[in-house]
Amino acid sequence: MVDPETTFVLGTRPEIIKLAPVIRCCDRRDIPYSILHTGQHYSDELDAVFFDQLELPTPDYNLEVGSGRHGQQTAAMLAGIEEVILEDEPAVVLVQGDTNSVLAGALALCKLDIPVGHIEAGLRSFDRDMPEETNRVVADHVGDYLFAPTEHSQEYLRDEGIDDDRIYVTGNTIVDAVKQHRDLAREKSTILEDLALQTTPYGLLTAHRAENVDDSERFENLLKGVRRVAATHNLEVIYPIHPRAQDRLDEFDLVVPDEIRIVDPQDYLDFLQLEANAELILTDSGGVQEEACILGVPCVTLRDNTERPETLEVGANRLAGTESDMIAASSEQMLTTQHEWANPFGNGSAAEQILEILGKETQAHI
Ligand code: UD1
Ligand code: UDP
């Protein structure tokens, strides 16, 4: 048993990256905390590598739930989280984002007498076919402290009848993470040399979302569209592949066009360096849309909707879906527009603000 004031419940790559600034802030402020890892991500390349590189302590607990069907995975997390929280009785629990780990954390906590804070609250794709949409809606409706990254997300929460006194606009902790690691990535990463990209213009692709890669036709179309962009603009496209996408490529026996180079998932510094130097980013990731916008790199989103409309509004991103013509047209437009837009996700002090607010609102000595 540990004696935390704050417990972080996390489970996947983006949660580790986006909670790292908050965890570091706890260290700076001498706030006792514990980390409860659900084990949703467990492969070194999606998990341990980030704890090492971001210098985070080993989780105090790891439920090791692993992969599985939604209900099975979430249920195992719920049972495990409840047990740990009942034992440790922290003053507050924090979850981040929209994964099944967030759903389980928020649901487990709302039945206990311990408040839960949802970081990155109020994002909406309005697409209930995405498991993430259900997860974020539930977390927002049961959460006690909702840390919305922008006024846009604050408005979505208000529209759903959530009281203003639960909502705090703080910016997104991804800005803190990018600011804290961008210079380090420039200094330390050798990925451009390793992939022989120092003088070669390239595009960067990530595609892992279930609605894209679990559907063989959509996945194939997406790859065809990206190939067309690569051929038209004479860009090699680097694709650090998520294990889900690799599994589906194998299962569907899809042939990846020569213009797309598959590489392993990258650690954070290498991935930031790849993003920052790309001519164009093509992605279905949430966090990657934000990072492209913050880094000033044009982005084409390979989805029909986005819960990050701020990136569209400032002109940093275009929605292309997975059809070849739209991917080609959107890429053309993004490659030929100017790259100066305002970062809508805050000034990089989200972690500080979150802990400041919690210190005032809870019994914790934060
Ligand atoms: C999950 C999140 C998604 C998020 C993504 C971040 C949900 C519903 N989805 O998707 O919102 O964008 O994480 O990367 O919570 N696998 C491994 N090693 C691992 C983890 C997974 O090989 O460490 C493989 C397994 O084959 C597994 C598959 O990836 O079946 C999917 O993993 P899962 O955690 O269910 O969802 P993600 O696609 O990672
Ligand atoms: N990322 C990384 N290495 C990679 C691909 C992504 O470090 O090979 C980082 C990326 O910088 C971003 C986060 O992972 O901060 C995004 O995670 P992911 O796309 O898995 O999930 P999502 O944001 O879509 O939930």
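Residues numbered from 1 in each chain as written. Chains lettered and ligands numbered in written order. Predicted model: local features only at pLDDT ≥ 70, side-chain atom pairs only at ≥ 80, totals over all residues. Heavy atoms only, no water.

## Brief notes about the site of ligand 2
No. 1: In the vicinity of ligand 2, 17 residues are found, and the nearest of them are Arg 209, Gln 266, Ser 285, Gly 287 and Glu 291.
No. 2: In this structure, an oxygen atom belonging to ligand 2 sits 2.8 Å away from a side-chain N or O atom of Arg 13.
No. 3: Between ligand 2 and the protein, one listed contact pairs an oxygen atom with a side-chain N or O atom of Ser 285 at 2.7 Å.
No. 4: Secondary-structure elements contributing two or more residues to the shell around ligand 2 are helix H1 (13-28), helix H12 (268-277) and helix H13 (286-295). (Near = heavy atom within 4 Å. Polar contact = N/O pair within 3.5 Å; in protein donor to acceptor, adjacent residues only side chain to side chain. Helix = DSSP H or I, 4+ residues; strand = E, 2+ residues; numbered from the N terminus.)

## Considering the pairing of strand E9 (residues 236-240)
No. 1: For E9, the buried fraction is high: four of the five residues fall into the buried class.
No. 2: As paired elements, strand E8 (residues 202-206) and E9 share three bridges and run parallel to each other. Bridge assignment links Tyr 202 to a residue of E9, and that residue is Glu 236.
No. 3: Relative to strand E10 (residues 260-263), E9 runs parallel, the two sharing four bridges. What sits directly across from Pro 240, in E10, is Val 263. (Buried < 20%, exposed > 50% of the residue type's maximum accessible area, 1.4 Å probe, protein only. Pairing = 2+ DSSP bridges.)

## Looking at the sheet that holds E8
No. 1: Taken in spatial order, the six strands make up an open sheet running E10-E9-E8-E11-E12-E13, and their pairing is parallel. Each edge of the open sheet carries a strand with a single partner, namely E10 and strand E13 (317-319). Neighbour-to-neighbour, the strand axes of this sheet turn through a mean angle of 20°, independent of strand direction.
No. 2: As defined by bridge partners, E8 adjoins strand E11 (residues 280-283) across four bridges and the pair is classed as parallel. Bridged to Leu 205 within E11 is Leu 282. (Axes fitted to C-alpha atoms, helices over the stretch in contact; angles between N-to-C directions.)

## Side note on the packing of aromatic side chains
Two aromatic rings, taken as a pair, are described by how far apart their centres are and by the angle between their planes.
No. 1: Taken as a whole and assessed by the stated rule, the structure comprises four aromatic pairs.
No. 2: Geometrically, the ring pair formed by Phe 126 and Tyr 156 is edge-to-face, given 5.0 Å between the ring centres and 85° between the ring planes. Highlighted residues: Phe 126 in the loop between strand E5 (116-119) and helix H5 (131-142) and Tyr 156 in helix H6 (residues 151-159), separated in sequence by 30 residues.
No. 3: Exposure remark for Phe 126: the relative accessible area of 55% places this residue in the exposed category.
No. 4: Residue classification places Tyr 156 among the buried residues on the basis of a relative accessible area of 17%.
No. 5: An angle of 35° between the planes, with centres 5.7 Å apart, marks the rings of Phe 147 and Tyr 168 as tilted. One end of the pair, Phe 147, is in strand E6 (residues 145-148); the other, Tyr 168, is in strand E7 (residues 167-169), with 21 residues separating them in the sequence. As far as burial versus exposure is concerned, Phe 147 and Tyr 168 are alike and both buried.
No. 6: A network of ring pairs unites the aromatic residues Tyr 145, Phe 147 and Tyr 168 as a single cluster. (Phe/Tyr/Trp six-rings, centres within 6.5 Å; stacked < 30°, edge-to-face > 60°.)

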